[in-house]
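Below, each chain spelled out in residue letters.
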Amino acid sequence: MDEESHPRERSDAQPRSSARTRAATDADYISPMRTSVENGSGTRRYSSVASRRSNGSGVLSLVPRSTLAQRTQGKPTLAGPDGTLQLRLAQEPFVQPGYADLNPSYEQASNARPVWSLAKPLPRVVRPSMVPTKDELLQNLSNAQHPTKNSQRLGLDVDPNDIEQGRIDKSTDPRKMAAQVEDARLQRENNFMNKILTGDGTSARQTSRMSRTSSARGRRPLAWDLPPDQLSTVQEGDSPDNDAPEERPELGGDQLGNPDLGATLDALLDIPELEKAGYPEDLHPLVEELVEDEVHNNHTTWSVIRTHHREALAEGLGVFVQLTMGFCVDLSVTVADKGNPNTTAWAWGLATMMAIYICGGVSGAHLNPAVTMVLWFFRGFPKRKIPEYFAAQFIAAFCAALVAYGIYYEAIQNYLYHNPDTGIINSFVTNSREAWVGSTTAFFNEFMGTALLIVTILALGDDQNAPPGAGMNSLIIGLVITCLSMCFGHQTGAAFNPSRDFGPRLALLAVGYPNTLFTDPYWLYGPWVGAMSGGFVGAFLYDFFIFTGGESPINYPLERTQRALTKSGMRWRRRLQLK
């Protein structure tokens, strides 16, 4: 069949390489992305899609070149506009026919699973604290005939539609704004619940990316897929394992006021582990596990092992590369006994950039336990992954210090023959560099540096702010590390990272250095307490002043957060068999 004369038929018949694109309108084009199509045999395939238009003769041509004003939508920003369509298409690689048949994971959707990555905007997830309980939903539905009850109670004449859309006027009385905010939240939850009760759960599944049930129904099994029980899952916190019912009750709008609504909700919220008295029940579609609807190549036994631990392995490799280069540049400046201190700052920044490029698309390239903890608390990173990430970060830091010491072993011995060992120790660990640097100064040096780092990371990951495109996140964060090292490196060495300091301390002990490395309490209050607390304060500041997403605990009611913490505590007590 002629590909040029029948472009649309070809797209429906077989997978297309990323060099081929489908038509789009002049006014509304889409950026290159992965979409799924089904071929004639019913097998679901993923194909790269870019935006082009047909000129009527069957020949595909590019859409007209957009102007700067169109790309910025009239909003000037120092972050610059998005890249042009032509530039995006130029980045598409050649893919030989048949490659995706042998390596099916290549053409799957690039966002098949959420990745809390420093290399691109952070994912948007629905967290338990955002979800009302069954009792709250029943109460809200019973009051549905008064959509602005709280506002009217204070004598406000407001439009319910404006309230639901968040159009709330400024007022010198915070109670008036609080009443309208409460009315808006109740309306949104009522509308969402109505969609669930009428069988329209599309918005819920789109919000949570894909639920277990929708994923199972929406994607046909492939010959190369792993069995469902071998697929790794992404869940918020420790959501209990539960199989969603295949079909939800189809209820019309006239049944919303039915007295048996409680029983219907019980069926929708049928989660065995939530049946304890006093244990709040969340809305069912939002507490389902998010299935990572991925396919994998898995040509060897090791590839299967790698699939199940790919994120931790990638994180460890990224940390190893970053810290090996960082320790080596510190040693090179020390043993040479000359050089500009800014040399090390630039090297640490470029090493961080390399690490993010290496593992940013797989593990997210946190490279830092403080970053991992902040992304868990403020952005919904699954806490079940935290131990594996921590292990990868600390083990990689330990190995990186040993490798750097081994590479520079002879130079180190020559240096020690003429100098005390202080310079070598300072090349690996951070501490108060001068006697006049007190503990308070050292603490706030690490605290402030980490806070500024986290503020920048969250800003770069906010898709509603001005996220850089074309993979620029890695370069920008590298430059940020360079700048922070220049600003805060003189007094302590600028750790901003517990694993970057703790791993090398253990490595120095292993090669024969004395345990005095741990007698100075800085190792605890600097890279640990200072960095962790600074990271959380930095995240709080960004979310308090700028971020609007609901996944941050700053942006939903305090009682919801307390309820989620109570649920988590009850789960852990039950698992540990505590009363």
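Residues numbered from 1 in each chain as written. Predicted model: local features only at pLDDT ≥ 70, side-chain atom pairs only at ≥ 80, totals over all residues. Heavy atoms only, no water.

Per an unreviewed UniProt entry, the protein goes by the name MIP transporter and belongs to Penicillium flavigenum. Here is the UniProt Sequence similarities (unreviewed entry) comment for the protein, exactly as written: "Belongs to the MIP/aquaporin (TC 1.A.8) family." The UniProt entry for the protein carries this comment under Subcellular location (unreviewed entry): "Membrane". (UniProt positions renumbered as here; feature names shortened; annotations may be inferred.)

Looking at this model, I keep getting lost on the packing of aromatic side chains. Mind explaining?
The geometry of an aromatic ring pair is captured by two quantities: the separation of the ring centres and the angle between the planes. Considering all chains together, one arrives at 26 aromatic pairs under this definition. On the basis of an interplanar angle of 85° and a centroid distance of 5.6 Å, the ring pair of Trp116 and Phe381 is categorised as edge-to-face. Of the two residues, Trp116 sits in the loop between helix 4 (99–102) and helix 5 (134–142) while Phe381 sits in the loop between helix 16 (369–379) and helix 17 (386–407), which places them 265 residues apart along the sequence. The same class applies to Trp116 and to Phe381, which are both buried. The rings of Phe327, Trp348, Tyr405, Tyr409, Phe428 and Tyr513 are connected pair by pair, giving a single aromatic cluster. The positively charged end of Arg379 is found above the aromatic ring belonging to Phe547, 3.7 Å away from the centroid. (Phe/Tyr/Trp six-rings, centres within 6.5 Å; stacked < 30°, edge-to-face > 60°. Helix = DSSP H or I, 4+ residues; strand = E, 2+ residues; numbered from the N terminus. Buried < 20%, exposed > 50% of the residue type's maximum accessible area, 1.4 Å probe, protein only. Lys NZ or Arg CZ within 6 Å of the ring centre and 35° of its normal.)

Teacher, can you tell me more about the nonpolar core here?
The tendency in soluble globular proteins is for nonpolar side chains to be buried side by side. Membership of the largest hydrophobic core comes to 60 residues, with the highest contact counts inside it found for Phe327, Phe428 and Leu458. Each residue touching Phe428, except ones within four places of it in the same chain, is listed here: Phe327, Leu331, Ala401, Ala404, Tyr405, Arg500, Pro504 and Leu508. With six residues, the next largest nonpolar core counts Val437, Ala442, Phe443 and Tyr522 among its residues. (Core = buried A, V, L, I, M, F, W, Y, C linked by side-chain atoms within 4.5 Å. Contact = heavy atoms within 4.5 Å.)

Hey, could you run me through the environment of Asn103 in this one?
Examined against the element boundaries, Asn103 turns out to sit in the loop between helix 4 and helix 5. Under the relative-accessibility criterion, Asn103 is labelled buried at 16%. With sequence-adjacent residues up to four places away left out, Asn103 is seen in contact with Asn297 and His299.

I tried to follow helix 22 (residues 498–510) on my own but got confused; where do I start?
Because the α-helix completes a turn every 3.6 residues, residues three or four places apart line up on one side. Helix length check: helix 22, at 13 residues, gives a terminal C-alpha distance of 19 Å against a target of 18 Å (1.5 Å per residue), a fit within 8%. Along helix 22, the residues classified as buried are Pro498, Ser499, Arg500, Asp501, Gly503, Pro504, Arg505, Ala507 and Leu508. Looking one or two places after helix 22, you find Gly512, whose phi comes out positive at around 110°. (Expected span 1.5 Å × (residues − 1).)

Just checking my understanding: could you explain helix 15 (residues 342–359) for this structure?
The first and last C-alpha atoms of helix 15 sit 26 Å apart over 18 residues, in line with the 26 Å expected at 1.5 Å per residue. Along helix 15, the positions that sit buried rather than exposed are Thr344, Ala345, Ala347, Trp348, Gly349, Ala351, Thr352, Met353, Ala355, Ile356 and Cys359. Buried-residue contacts for helix 15 involve helix 14 (310–336), helix 21 (473–492) and helix 22.

What's the story with the pattern of salt bridges in this structure? I'm lost.
A pair can form between side chains of opposite charge whenever their charged atoms are brought close. According to the stated counting rule, one finds eight salt bridges in the structure shown. Salt-bridge contacts for Glu311 lead to Lys385; the nearest nitrogen and oxygen are separated by 3.1 Å. Of this pair, Glu311 sits in helix 14 while Lys385 is found in the loop between helix 16 and helix 17, placing the two residues 74 residues apart along the sequence. On the basis of relative accessibility, which here comes to 14%, the residue Glu311 falls in the buried class. The shortest N-O distance in the salt bridge between Asp501 and Arg505 comes to 2.6 Å. Here Asp501 pairs with Arg505, and both are found in helix 22, just four residues apart, close to one helical turn. In this pair, the class of Asp501 matches that of Arg505, namely buried. Salt bridges sharing partners connect three or more residues here, namely Arg124, Asp462, Asp463 and Glu551. (Salt bridge = Lys/Arg side-chain N within 4 Å of Asp/Glu carboxyl O.)

Can you help me understand a nonpolar patch on the surface in this one?
Taken together, Val537, Phe540, Leu541, Phe544, Phe545 and Ile546 make up a surface patch of nonpolar side chains, about 590 Å² in accessible area. Note on placement: Phe540 falls in helix 23 (residues 522–545). (Patch = residues over 30% accessible without salt bridge, like charges linked within 9 Å, V, L, I, M, F, W, Y side chains within 5 Å. Areas by Shrake-Rupley, 256 points an atom, 1.4 Å probe, with all protein chains shown as cover.)

When you look at the UniProt feature "transmembrane region" (unreviewed entry) in the protein in this model, what are you seeing that I'm missing?
Per the UniProt annotation, the sites labelled "transmembrane region" (unreviewed entry) are residues 345–378, 390–408, 442–460, 472–491 and 522–542. For residues 345–378, the helix share is 74%, the strand share is 0%, and the end-to-end C-alpha distance is 29 Å. End-to-end, the C-alpha atoms of residues 390–408 are 27 Å apart, and along that stretch the chain is 95% helix and 0% strand.

Help me out: how do you make sense of the packing of helix 16 against helix 23 in this one?
A pair of packed helices can be characterised by two numbers: the angle between their axes and the separation between those axes. Two numbers describe how helix 16 lies on helix 23: the axes approach to 9 Å, and their chain directions differ by 40°. Relative to helix 23, the element helix 16 lies oblique. Crossing of helix 16 over helix 23 shows right-handed handedness. Between helix 16, through Pro369, Ala370, Met373, Val374, Phe377, Phe378 and Arg379, and helix 23, the contact on the second element is made entirely by Ala531, Met532, Gly535, Phe536, Ala539, Phe540, Tyr542 and Asp543. Of the residues belonging to the contact of helix 16 with helix 23, the class tally is 12 nonpolar, one polar and two charged. (Axes fitted to C-alpha atoms, helices over the stretch in contact; angles between N-to-C directions. Parallel < 35°, antiparallel > 145°, perpendicular 65-115°, else oblique. Left-handed = near helix turned anticlockwise from the far one by under 90°. Nonpolar A, V, L, I, M, F, W, Y, C, P; charged D, E, K, R; others polar.)

Looking at this model, I keep getting lost on the environment of Pro468. Mind explaining?
Mapped onto the secondary structure, Pro468 falls in the loop between helix 20 (439–460) and helix 21. Each C-alpha atom, one on Pro468 and one on Ala119, is 9.6 Å from the other, the two residues being 349 residues apart in sequence. Excluding anything up to four places from it in sequence, Pro468 contacts Leu460, Asn473 and Ile476.

What am I meant to see in the side chain of Thr324 here?
Residue placement: Thr324 occurs in helix 14. On the basis of relative accessibility, which here comes to 12%, the residue Thr324 falls in the buried class. Here the side chain of Thr324 touches Phe320 through a polar contact of 2.6 Å, landing on its backbone oxygen. Those residues within four positions of Thr324 in sequence are excluded, and the remaining contacts are Ala400, Val403 and Ala404. (Polar contact = N/O pair within 3.5 Å; in protein donor to acceptor, adjacent residues only side chain to side chain.)

It is not clear to me how the state of the cysteines should be interpreted in this structure. Could you clarify?
A covalent bond bridging the sulfur atoms of two cysteines is what the word disulfide describes. This structure, assessed with the given rule, holds zero disulfides. For the unlinked cysteine Cys487, the closest cysteine sulfur is that of Cys483, found at 4.1 Å. On the basis of relative accessibility, which here comes to 51%, the residue Cys487 falls in the exposed class. (Disulfide = S-S within 2.5 Å.)

I keep staring at unusual backbone geometry and nothing clicks. Help me out?
Trans is the common state for peptide bonds, and a negative phi is the common state for residues other than glycine. Phi at Ala365 takes a positive value of approximately 55°, unusual for a residue other than glycine. Its location among the elements puts Ala365 in the loop between helix 15 and helix 16. Residue class for Ala365 comes out buried when judged on its relative accessible area of 0%. Non-glycine residue Ala494 carries a positive phi angle of around 60°. A relative accessible area of 9% means that Ala494 is categorised as buried.

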